[in-house]
Amino acid sequence: MKYLVTAAALLALPQMALAQQVTGTINLTGVVAGRCSVLAGGQAFSETINLGELSGNDGRLRTDLTDASPDAVRNYSIVCTSATPRVILSATRLSTGTTAPAGYANNIDYTAQVAVLQASGTPPSITYVTASALPAPTNVQLTAPLANAADNVTVRVHSFRTAAGALLVAGSYTSVIQITISPT
Amino acid sequence: MRRGLCRISITSLLGALLIALPSTLRAQTSGSAVYGGSPREVSLSVNVTASVSASCSFMVGAMPKGDYSVGNLEGPYLIDIPFSLTCNSPSRVGIVSNNGGMKAHGVSSAPPGYAHQAPYRVTLHLAGDSGNSAHATCESPTLTSGASGCAFRGPATGTAGLRLPGPSQGVPGSYIRINQTGEPQPETLIAADYSDRLTVTISPAT
């Protein structure tokens, strides 16, 4: 009788439970960090813009440099992963680094402009105008990701100027345009 | 005489009980009773049959589960998630991916040239008794519910999932491998936190 009770109890077990589906859950996580880099590789780009002879026949700044049309244009291909990268632009005056006598100029101010291609929307204007007292860098956040395309960052320089009527001091003039593109 | 009748009653009760049991364990009884005292013994034969259901599970303490970080999705990564089966029959294992790839949090869409989902590769290796094994690799987009093109897209059933052709009693060596080579993709992944969830199921194979 005892064995019968045991047998009956075993048979009463839910045998289907043994064949039931069993589940494991795996949670995967990863990250894409905000970063900007040059498409060709690296984190920096550098180039020299040679404007050539700055003075005209009258010894003053060439008139073709003084208008708002670009006097030099350079394109760069930048990759950023963030949704709205930030562009910081600054420049120094085009200068010989020496002292100019009265009536002469050895500092030339100009406008540096950065134009970007965005993946969508209209990009903001990004310009920097040099002056004897350099203004704070222009700091602009884009409204969309940089376009995933070549030549998506363009640098232009234009609107060169000196004190009215000043003669340019002979020498080598240098300036540095600094552009920083950061993830945010 | 009274004692003989009592024995007959018990025998009959046994027969009735066993016949009433579920079909998976059938007992057949037969007996004879002789009235009048000769012979005094009663013979009873019982035929017992039974079956063992196919059962499959993951080994306790060796289930394919947990939280895993692959780190930077733009670089190469490889994660092995080991587990063990305990199956007394051929089995099938299936995997379902929630997103079909690592999906960016809080990014519903990506602008042209960008992506908010990063596919990866899933390799399933099953190790069984006597050197039995099964092995297959699929791309994560083929692992979503309803997708096609993957031999082990779950959930596992008797006929769906990667089939291990024999039992496996806790044999080590089964694993799920998550990997990506890190080769440059035409679309740039948008910066964000990414995640996916894999649901792994096991079932006896039919």
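Note that the structure is a prediction, hence the values are computed from the model and not measured.

**Q** In this structure, what is going on with the overall build of chain A? I would like to understand it.
**A** A tally of helices and strands in chain A yields one helix and 13 strands. Across chain A, helices and strands are ordered from the amino to the carboxyl terminus as α-β-β-β-β-β-β-β-β-β-β-β-β-β. Taken over 184 residues, chain A has a buried fraction of 26%. Long-range pairs, those at least 24 residues apart, make up 79% of the contacts in chain A between residues at least 6 apart in sequence.

**Q** Teacher, can you tell me more about the interface of chain B and chain A here?
**A** Accessible area lost upon the coming together of the parts is a frequently used measure of interface size. Taken together, the 51 residues of chain B in the interface contact 33 residues of chain A. Residue assignment for the side of chain B that touches chain A shows that the elements contributing at least two residues are α1 (2-19), β3 (56-58), β4 (66-72), β16 (188-189) and β17 (192-204) of chain B. Take the side of chain B that touches chain A: its biggest share by element is 13 residues, from β17(B). In terms of residue class, the side of chain B that touches chain A is built from 30 nonpolar, 14 polar and seven charged. Note: strand β1 (residues 22-32) of chain A against β17(B), eleven bridges, orientation antiparallel. Looking across to β17(B), one finds that A:V32 is bridged to B:A192.

**Q** How do you make sense of the confidence of the model for chain B when you look at a structure like this?
**A** Low pLDDT marks regions whose predicted coordinates should not be analysed in detail. On average, residues of chain B score 85 in pLDDT, and 81% of them are at 70 or above. Across residues 1-27 of chain B, confidence stays below pLDDT 50; counting only partners more than four residues off in sequence or on other chains, it has 30 contacts.

Calculation rules
Residues numbered from 1 in each chain as written. Chains lettered and ligands numbered in written order. Predicted model: local features only at pLDDT ≥ 70, side-chain atom pairs only at ≥ 80, totals over all residues. Helix = DSSP H or I, 4+ residues; strand = E, 2+ residues; numbered from the N terminus. Buried ≥ 20, exposed ≤ 12 C-beta atoms within 10 Å, placed from the backbone. Contact = placed C-beta atoms within 7 Å. Nonpolar A, V, L, I, M, F, W, Y, C, P; charged D, E, K, R; others polar. Pairing = 2+ DSSP bridges. pLDDT = per-residue confidence, 0-100.

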